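# Residue-level structure breakdown
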Amino acid sequence: MQGILTIYRKEMEDHFSSMRFLLIAALIVMVGVIIASMVGMAMQEELRGVAKPTFVFLMLFTSTGKLFSFVQFIGLLGPLIGIILGFDAINRERSGRTLSKLVSQPIYRDAIINAKFMAGVTMIAIVMASLVLIISGLGISLIGVVPGIEEVWRLAIYLVISIMYISFWLGAAILFSVVFRSTATSALASLAVWIGLSFFVGLGGSFLADAIAPIKQTADMAEATSSFVKNAEIQRVASLFSPMTLYGDATSTILDPLRKTPRAFVLMGPLERFSLTRFQNPLPLGQSVVIVAPFLISLVAITLLCFGICYAVFMRQEIRST
Amino acid sequence: MEREIIIRMEELTKLYGQQKAVDGLSLTIAEGEVFGFLGPNGAGKTTTMLMLLGLTEPTSGTVRVCGFDPARDPLKVKEVIGYLPENVGFYEDMDARQNLRYIARLNDIPDRVSAVRIDRLLEEVDLAKEAEKKVGSYSKGMRQRLGIAEVLIKEPRVAFLDEPTIGLDPDGTNKMLELIKSLSRERRMTIFFSSHLLDQVQQISDRIGIMIKGKLVAAGPLAELAQRGLGLEEGESYTLEEIYMKYFKEA
């Protein structure tokens, strides 16, 4: 236990004094604040003289301004924080020849990985929490609405999901830092996986769907519809392999209780319009959490998977100083 | 007086694929002994040390260090041993004191105890004047001495030193050898060190082991090796080099 705390403390010191972490954190905070203030100012215009809609405060985070919303931005670039915190966690010690010294001290080897992961998660939590707080403060002064209890809860849950999402990338980056000896390789590998899982899984999914269940262009409406639905379902399943999709789905349910942003693959048909009129009240918090839980569990599961591989590789690895 | 056996290796073998890095090594080392492990590069000296430390698992054979099996009880072993890897690394942006304190904390030594020890050790390894400098600016000799200090901070029973004098200038080498000698004399510490430099091993070791291609071809006090290897009588002059070359050619 002492070992974990000692390494944790040192890692925290390292992170706080590391230039590249400060740069990426400053960049993310800056862009995040710019997006939110643009959205805030647009809302200020729109809401002038109109009754405030429910959950107006959450719209600060979910409405897309000129480019994309804050939530989308974090989904897109948040992983960079995790990758930058983790990609050289182990192989930096290896190339600095300090690893063999470290593992010959009376500490368990997993303590090294755990402490580095915990320090990274703490940094992520600090960045994300301060970001959400800054935007909230900005929002209060811009749109003049104080968040209600439920909105605060939803934001807190959003914060937890975001921290877990970025922590997954931290875990993946640490895994690469164990597997690859060179820091450059592990950085590039993390970036490649990030780009692959975030941008190309959707593309691959539609390829896969077209290959397995092509959309049939027939006169028979029922057949055409069912082939279309099947195609879309496969695409959907494939997209779940992307942590970004998991994150996007989870956060949109939490932060968008009115479900304004359509997530369905089919364009809004009469049935869906009907359901919207029937359920025009926001989804209660408890129900939102229930919907989000599977996404959260998936995120935790893939993070644990990374860790499992990390342990398996690192525990039995022979560590030479040369 | 029979001294306590502190390291015991029996038929220790390590395979890397098909290649035998260490082949049937059996050796015991008594408490307080300085054991010089001699052999050309790639003879398996470092691999042997890693197995003694529990940093790699032997393919077969048994190891006991202070009565513990390093493969099954690595923490128990690591509590009582100190290891100086070849070309030891440090956290370059910390100074000597911070590096030492980090190691002390990892060994669960409270800061107020380690503060006293650190000051004393820095005196001992002649780094007191440079203690506030970042380790990144240290010369090779200073780094090696700081490495020794890191080994000593936990006050181990056995010190494993892998090529402690490699890359040092003659003055640095002498300082290092003096330091190692004083450790065994003043602290009665068991020292297991490896080197491929003959005269150094000769200067400070109680016993010498010669390892060639994974096999321990000879082990014992220098005089005994001379008698056995070269067939010399007592009192005749010899150098370790002669003995070493003899064994080397045989292997």
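Up top you'll find the structure we're talking about.
Here goes a summary of the coordinates provided. What you see is a predicted model, and the numbers here were worked out from it, not measured in a lab.

Moving on, we come to helix α1 (residues 2-17) of chain A. The end-to-end C-alpha separation of α1(A) is 23 Å, in line with the 22 Å expected for 16 residues at 1.5 Å each. Regarding α1(A), the residues found buried are A:G3, A:I4, A:T6, A:I7, A:K10, A:E11, A:M12, A:D14 and A:H15. Among the structural elements, α2 (19-46), α4 (70-86), α5 (91-95) and α7 (109-143) of chain A together with α3 (96-106) of chain B are those in contact with the buried residues of α1(A).

It is common to report an interface's size as the accessible area lost on association of the parts. Of the residues lining the interface, 29 residues belong to chain B; the matching set on chain A comes to 27 residues. Summed over both partners, the interface of chain B with chain A buries about 2,600 Å², with 55% contributed by carbon and sulfur atoms. Linking chain B to chain A there are one salt bridge. Between A:K101 and B:E150 there is a salt bridge; the shortest N-O distance is 2.9 Å. Of all the secondary structure elements, the ones that give two or more residues to the side of chain B that touches chain A are β1 (5-16), α1 (45-53), α2 (74-80) and α3 of chain B. Ranked by the residues each element gives to the side of chain B that touches chain A, the list is headed by α3(B), at five residues. When the residues that make up the side of chain B that touches chain A are grouped by side-chain class, the tally is 13 nonpolar, seven polar and nine charged.

The subject of this paragraph is empty space enclosed by the protein. It is the rolling of a water-molecule-sized probe over the atoms that shows where space remains empty. Counted by the stated rule, this structure contains two cavities of 30 Å³ or more. Size it by volume and the largest cavity reaches roughly 60 Å³. Lining the largest cavity, in full, are A:K101, A:Q105, B:G82, B:Y83, B:L84, B:P85, B:V88, B:I103, B:G147, B:E150, B:V151 and B:K154. Elements that contribute at least two residues to the lining of the largest cavity include exactly β5 (81-84) and α5 (140-152) of chain B. Within the lining of the largest cavity, the residues separate by chemical class into six nonpolar, three polar and three charged. For the second largest cavity, the calculated volume is near 40 Å³. Around the second largest cavity, the lining residues are A:E11, A:H15, A:L85, A:D88, A:A89, A:R92, A:K116 and A:I174. Here the lining of the second largest cavity is built from residues that sort into three nonpolar, one polar and four charged.

This next bit is on the packing of α4(A) against helix α8 (residues 149-179) of chain A. Residue and element names in this part refer to chain A. Relative to each other, α4 and α8 sit at 35 degrees, their axes nearing to 7 Å. Where α4 crosses over α8, the handedness of that crossing is right-handed. For the pair formed by α4 and α8, the contact residues are F70, V71, I74, G75, G78, P79, I81, G82, I83, L85 and G86 on the first element and Y158, Y165, I166, W169, L170, A173, I174 and S177 on the second. Partitioning the contact of α4 with α8 into residue classes produces 14 nonpolar, five polar and no charged.

Bringing the environment of B:M51 into the picture now. All names here are of chain B. Mapping M51 onto the fold places it in helix α1. Here M51 falls in the buried class, since its relative accessible area comes to 1%. Expressed as a C-alpha distance, the spacing of M51 and P70, which sit 19 residues apart in the sequence, is 7.3 Å.

On to the pairing of β5(B), then. All names here are of chain B. Side chains of β5 alternate between two faces, with I81 and Y83 and G82 and L84 buried alike. The pairing of β5 with strand β6 (residues 158-162) spans four bridges and is parallel. For L84, the partnering residue across the bridge sits in β6 and is L161.

Turning next to the nonpolar core. Counting residues in each nonpolar core, the largest one holds 111 residues, and the members touching the most others are A:F61, A:I74, B:F160 and B:F192. In terms of residue count, the dominant contributor to this core is α8(A) (16 residues). Those residues in contact with B:F160, other than ones at most four positions away along the chain, are B:I7, B:M49, B:L52, B:L53, B:I81, B:G82, B:Y83, B:L84 and B:F192. One finds B:L121, B:M142, B:L198 and B:A218 within the second-largest nonpolar core, a separate group that totals 50 residues.

What follows is about the sheet that holds strand β9 (residues 215-220) of chain B. Residue and element names in this part refer to chain B. What the six strands build is an open sheet, ordered β5-β6-β7-β3-β8-β9; its pairing is mixed. The strands lining the two open edges of the sheet, one partner per strand, are β5 and β9. Taking the axes of each pair of neighbouring strands and ignoring which way they run, one obtains an average angle of 15 degrees across the sheet. Against the sheet, α5 contacts β5 and β6, and its axis sits at roughly 165 degrees relative to β5.

Let us now look at a nonpolar patch on the surface. All names here are of chain A. A cluster of nonpolar residues, I195, F199, F200, L203 and F207, forms a patch on the protein surface that exposes about 520 Å² of accessible area. Tracing the sequence through the fold places F199 in helix α9 (residues 183-212). In this structure F199 comes out as partly exposed when scored by relative accessible area, which is 40%.

Quick look at the sheet that holds β1(B) now. Sheet strands pair via backbone hydrogen bonds, and the direction of the pair is either parallel or antiparallel. All names here are of chain B. Strand order in this open sheet of three strands is β2-β1-β4, and the pairing throughout is antiparallel. Of all strands in the sheet, those bounded by a partner on one side alone are β2 (19-30) and β4 (60-65). Sheet twist, expressed as the average angle between the axes of neighbouring strands with direction ignored, equals 15 degrees. When β1 meets β2, the two strands line up antiparallel, connected through eight bridges. Residue pairing for β2: L12 is matched across the bridge by L25. Sheet strands touched by α1: β1, β2 and β4. Its angle to β1, the strand with the most contacts, is close to 120 degrees.

The rules behind the values
Residues numbered from 1 in each chain as written. Chains lettered and ligands numbered in written order. Predicted model: local features only at pLDDT ≥ 70, side-chain atom pairs only at ≥ 80, totals over all residues. Heavy atoms only, no water. Helix = DSSP H or I, 4+ residues; strand = E, 2+ residues; numbered from the N terminus. Expected span 1.5 Å × (residues − 1). Buried < 20%, exposed > 50% of the residue type's maximum accessible area, 1.4 Å probe, protein only. Contact = heavy atoms within 4.5 Å. Buried area = accessible area lost by both parts, 1.4 Å probe. Salt bridge = Lys/Arg side-chain N within 4 Å of Asp/Glu carboxyl O. Nonpolar A, V, L, I, M, F, W, Y, C, P; charged D, E, K, R; others polar. 1 Å grid on protein atoms, 1.4 Å probe; cavity = no way out; pocket = protein on both sides within 12 Å on 5 of 7 lines; lining within 4 Å. Points joined across faces, edges and corners; volume = space filled by probe spheres on them. Axes fitted to C-alpha atoms, helices over the stretch in contact; angles between N-to-C directions. Left-handed = near helix turned anticlockwise from the far one by under 90°. Pairing = 2+ DSSP bridges. Core = buried A, V, L, I, M, F, W, Y, C linked by side-chain atoms within 4.5 Å. Patch = residues over 30% accessible without salt bridge, like charges linked within 9 Å, V, L, I, M, F, W, Y side chains within 5 Å. Areas by Shrake-Rupley, 256 points an atom, 1.4 Å probe, with all protein chains shown as cover.

Interpretation in functional terms is not warranted from these geometric data alone.
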